[in-house]
Every structure is written in C-alpha cells, then in structure tokens.
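Geometric and topological summary
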Amino acid sequence: MNNAYEFSVKDLGLYYGDFEALKHINMDIEKNTITALIGPSGCGKSTFLKTLNRMNDLVENIKVTGDIFLGEQNIYTDIDVITLRQKVGMVFQQPNPFPKSIYDNVAYGPRMQGITKKSVLDEIVEHSLRQAAIWDEVKGKLGKNALSMSGGQQQRLCIARTLATQPEVILMDEPTSALDPISTLKIEELALQLKEKYTIVIVTHNMQQASRISDKTAFFLLGELIEYNETSNLFTRPLQKKTEEYITGRFG
Amino acid sequence: MMDNIVNKNALKRAKATNSFMTIFFYIIAGIFLFLLLTIFIYILYAGFHNFSLPLLAFNHSGIGNQLFNTIYLVVLALLFSTPVGMLAGIYMAEYAKPGKLLTILRMCIETLSSLPSIVVGLFGYLVFIVMTGMQWNLLAGALAVSILNLPLIASTTEDALRTLPIGYKQGSYGLGATKWQTIWHILLPAAIPQIMTGVILAAGRTLGEAAALMFTAGMSTDISWKSTDITSPTNPWNPIRSGETLALYIWGARTEALNMNAEQMANLSAAILLLLILVFNLSARLISKYLVNYSQGK
C-alpha cells in the first residue's frame, strides 16, 4: 500500500437496488491537492464523492463492492464511520448551517467529540472561522443565528464548521452551485488556500471552475471513470474521445 | 378565426358558475362563523351576566377549586404524555424501519386517537382504580387523559421531525456526530416549535375532557388550602386525591345538583372553560410563531 496517497480506490462498485451507479472505479487521490470530479448529471460523481465518507450509508438498498483506503486504512473495515467522517469532512450543495448561533455551528463538531472547555472551544471556533476567511465578517456577532447570514457566508460557515473537527480531507459537493459569482470566487480562493493543509475533492458542474482550481480532474460518465489526469492535460489534450466531446460541450 | 373557435356562451357560463361558487362558499363560511359567534357570545353572556366574585371562591360555594383541579390535572397529564409521546414520535420518525411493524403501530395510534373518551374512562377506572384498589384520584385521571393525548403528541413529533430540511441531518452526520447526537442536539431543538403546538393543543383538549375523568378523577373535591401535608387527602397538591374538574362540575351541576344557583354556576364554569381553551390555543400560536422566528434568526 502506498501511503503517499490520501485515498486509494480499488475496483469500487455501487448499486442502488439493481441499478449499477458506479462501475469498477480505480483511482488514487494525492495529498494536498484539489481533485475535481466532473461529468453530466447522473454520471455518478456525487455518488462517488459520498462513498469517500460513507454518507451513502444513509441511503437504503445500497450495496458497495471493492475497497477504499484512507491512507492505509480500509474505510469499511479498519475505521468506524464516526471517526471517518471526522477525518473526511463534507460541504454540501445547499449551504446547510444548523438553526443555531454562528458560534454553536462551528463548536458543534468539537462538542460532539467531547470537548467542553470554553477556552478550547473559543480557540477552535476563532481558528476555524479565520481559516474559512469569514472571521472578519462575523467576529462581533458570533451569537447571531447562522440562518440570518447570506448564502455565501453560510457556505463559508459550513466550511469553517467542517474545519473545526480537524479533518484531513474536505469533500465538496457542488459547493458553489447555489451561490452568486462573487461568493463563488471567494469559495474558490478559499479552496486554493486550504489545499496547503488539506486534501480537497470537489464535485462541480462548472468546467471553468474545475480548470481554475483543481490539480487533477476525473471525468465520469454513466458510472464509469472515463479519464483521470492532470487538469491541464485533461482540458487541453484529452486522451478519450468522450472526454473531448464533453469538455467541448457536445453533450452534458 | 378565434371568434369561431371560442364559444361565447360557454365562456359566459363558466364565468357565471365561478361567481356563483364564490358567493356560495362565502355564504357557507358566513353561516359557520355566525353559528360559532352565537354560541360563543351566548356562553359568555350566560356565564357572566350575573357574575359576582364569590362565585370564583376556592370553597364549596365557588368554582375556584374546580378551576385549580382542571389546570393541575392538565399539568399532571402532560408530565406523562409529553415525554412518552415524544419518544414514540422520535421512534417512528428516526428508528422504525418502514414495513409492517410501523404500519401496524401507526394504525394503533390512529385508532387510539379516535377512541371514545368514555371507553378510555372505563379502561382507566378498571386499571388505575379497581386494579390498584385506590379511590378516585387526580393521578388516575391524568393517566387516563394521557391515553387520549399520546397520539396527538406522538404524531406531531413525528411530523415535525420528518419535515425538517434533510440538510440538518446530513450536516450533522457529515461532522461525525452519532444518530442520537444528531437527534438530541440538532433535530429536536429545530422541531420544538411544532411539537410545542401539539402539546398545547393536547392540553386544550384535556381542559374540556369529562367522560374520561368521571370514573378516574372522580366527581367530588374537598380541598383545604390550609393543609401543609402533601400526603393529606385534602391537600390541593396531593395528586392522590379525588379532584373534580370544571367540565365534570358542569355535568354534575346540570344533572344532579340540588343547590339553588347550580345553573348559574354551571354557566359560569362553561364560560371560564371556554376562555381557558381560547387562551391555550392562542398562546400555542404565539409561542410557536415566536420560536420559529427565533430559530430562523429573525
């Protein structure tokens, strides 16, 4: 096993009932990179993302075959799902802060891990909000309800909330599709800063976004991984005909 | 060209039907409103037109004790039905697997909610009075009424949890929280406004309950407000004492009472009961509106 990789995915298959949503996926994701997953709707990219922190477990009638390794640990057998999700955080398509104060949103993860000391929590909250580049906007009003913030702020709060559990990986499921262009840009800049310390896997519909921020890009089609390469190569010299057709906009 | 296709008479007829139906529904609504207001005003008038303060006294000549019993019984009943009902609701929304068991459980709860209250009263009499060998008492009444409240609180809780945005649950699981942590720290607090409404409506229903209490809480009340010993059968706070509620008092006063002003007392009780229920329902609305605004950061 090569532990230079954050994730090693070996012959992964996934079924919703009888429907084969992912077919024989093999993929290594490197540490401290941004990996973009692209492809048309229903191609399996989001499903693939959700297997990385086992969010798919919540779906009924699902069957997973093959193996996924986080470092050297098999995420289905060597590590419990709670620990996995603390290490592999997730940011969703719709900003989904809890109906609580900004402070309580960020402190939630650490509190659920058993941290109760106020001074420690204060420090985690401030550090996480700073990392998510939203501290300056909210520092005077941590007691305010998170739902009163704008959509872009809510999404950065959700990123801060994820950072507070001290993950290794951040999964982002179309994190900017519900946001305006300026908020989108802020999230992208943030992702570029965060890859210094974290590994980021991002699902996006937006190919410009993939080419702007990602190091590697994976193109999915009908549950198969068609092409996985350096982003610059994939968008300029795609090896597969289907990739070329997709990135030139002939379908999707 | 269009003139040939559109049948002018059909259009006219559609418009006429539309106006007719609009007026029709306004009339229906008007009739209901008129009926409700008439009853409401009649009860209030009959209750209060000869009002004097001694009628509310906390002794045998007033209905103060019955008023106290009514509210105390509601509180006792909610102490049982709220936690049990909420747990049942949480189970159905979050733990039960969809299937036969859940369907049967739901059917039982629906049946329970449409059970005639006299049946619940007789059941309560059998279980809480005869089988325990106790006299009529408030606790037995509260338990009997809880049976009637449970379905409402359970189904409100289930609905409240089910209608929460899926993002709350995903967000919490995504941060590595366990199922119970998610329910306790995220889902329940977010669902509380709606659950509160169910609880207060259940309380409102309890206020007017009579049949379920007749053979459980009893039809007499003998309270000494000077009593300091909670185990004494005349201590107002002792739940193991018989306690007639306002609704039962009305029933008693109009069927078997011998005193001269029984009719007036019954009317006053009815008026007060009506106001009490009104206050409960209005506060349910206000509280849940406030909580909803609060939890959405307004």
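Residues numbered from 1 in each chain as written. Chains lettered and ligands numbered in written order. Predicted model: local features only at pLDDT ≥ 70, side-chain atom pairs only at ≥ 80, totals over all residues.

Residue and element names in this part refer to chain B. Where helix α8 (residues 179-207) contacts helix α11 (residues 262-295), the axes come no closer than 8 Å and their chain directions differ by 180°. With respect to α11, the element α8 is oriented roughly antiparallel. Seen from α8, the contacting residues are Ala190, Ile192, Pro193, Gln194, Met196, Thr197, Ile200, Leu201, Ala203, Gly204 and Leu207; seen from α11, they are Leu273, Leu276, Ile277, Phe280, Asn281, Ser283, Ala284, Ile287, Ser288, Leu291, Val292 and Ser295. Of the residues in the contact of α8 with α11, the class split is 16 nonpolar, 7 polar and no charged. (Axes fitted to C-alpha atoms, helices over the stretch in contact; angles between N-to-C directions. Helix = DSSP H or I, 4+ residues; strand = E, 2+ residues; numbered from the N terminus. Parallel < 35°, antiparallel > 145°, perpendicular 65-115°, else oblique. Contact = placed C-beta atoms within 7 Å. Nonpolar A, V, L, I, M, F, W, Y, C, P; charged D, E, K, R; others polar.)

So, on to helix α3 (residues 102-112) of chain A. Most of α3(A) is tucked away: 9 of the 11 residues are buried. Restricting attention to buried positions, one finds in α3(A) the residues Ile102(A), Asp104(A), Asn105(A), Val106(A), Ala107(A), Tyr108(A), Gly109(A), Pro110(A) and Met112(A). Buried positions along α3(A) lie against α4 (118-131), α5 (135-138) and α6 (151-163) of chain A together with α8 of chain B. Of the residues trailing α3(A), Gly114(A) is marked for its positive phi of about 100°. (Buried ≥ 20, exposed ≤ 12 C-beta atoms within 10 Å, placed from the backbone.)

This part is about the nonpolar core. Counting residues in hydrophobic clusters, the biggest one holds 132 residues, and the most contacted among them are Leu37(A), Ala160(A), Leu171(A), Ile200(A), Val201(A) and Ala144(B). Looking at this core element by element, the count peaks at 14 residues for helix α6 (residues 138-162) of chain B. Contact partners of Val201(A), with chain neighbours within four places excluded, come to Ile29(A), Thr35(A), Leu37(A), Leu49(A), Leu52(A), Val169(A) and Leu171(A). (Core = buried A, V, L, I, M, F, W, Y, C linked by C-beta atoms within 7 Å.)

Now for the sheet that holds strand β7 (residues 169-173) of chain A. Residue and element names in this part refer to chain A. Strand order in the open sheet formed by 6 strands is β6-β7-β8-β3-β9-β10, and the pairing between neighbours is mixed. The open sheet has two edge strands, β6 (88-91) and β10 (224-230), and neither has a second partner. Looking at each pair of strands side by side, their axes are set apart by 20° on average, direction ignored. Across 4 bridges, the pairing between strand β3 (residues 34-38) and strand β8 (residues 199-203) is parallel. By the bridge assignment for β8, Leu37 is matched with Val203. Contacts between helix α1 (residues 45-52) and the sheet are confined to β3, β6, β7, β8 and β9 (216-221), with β8 contributing the most and set at about 150° to the helix. (Pairing = 2+ DSSP bridges.)

Another point: the interface of chain A and chain B. Each partner contributes to the interface: chain A provides 23 residues, whereas chain B provides 17 residues. Of all elements in the fold, only α2 (81-87), β6, α3 and α6 of chain A reach the threshold of two or more residues within the side of chain A that touches chain B. Residues belonging to the side of chain A that touches chain B are distributed by class as follows: 10 nonpolar, 10 polar and 3 charged.

A separate point is unusual backbone geometry. Residues and elements named next belong to chain A. A positive phi angle, close to 45°, is found at His24, a residue other than glycine. Secondary-structure assignment places His24 in strand β2 (residues 19-30). Overall, the presence of 14 C-beta atoms within 10 Å leaves His24 in the partly exposed class. Even without being a glycine, Ala133 presents a positive backbone phi close to 55°. When you line up the elements, Ala133 lands in the loop between α4 and α5. Ala133 sits in the partly exposed class, given 17 other C-beta atoms within 10 Å.

Read these as geometric descriptors, not functional statements.
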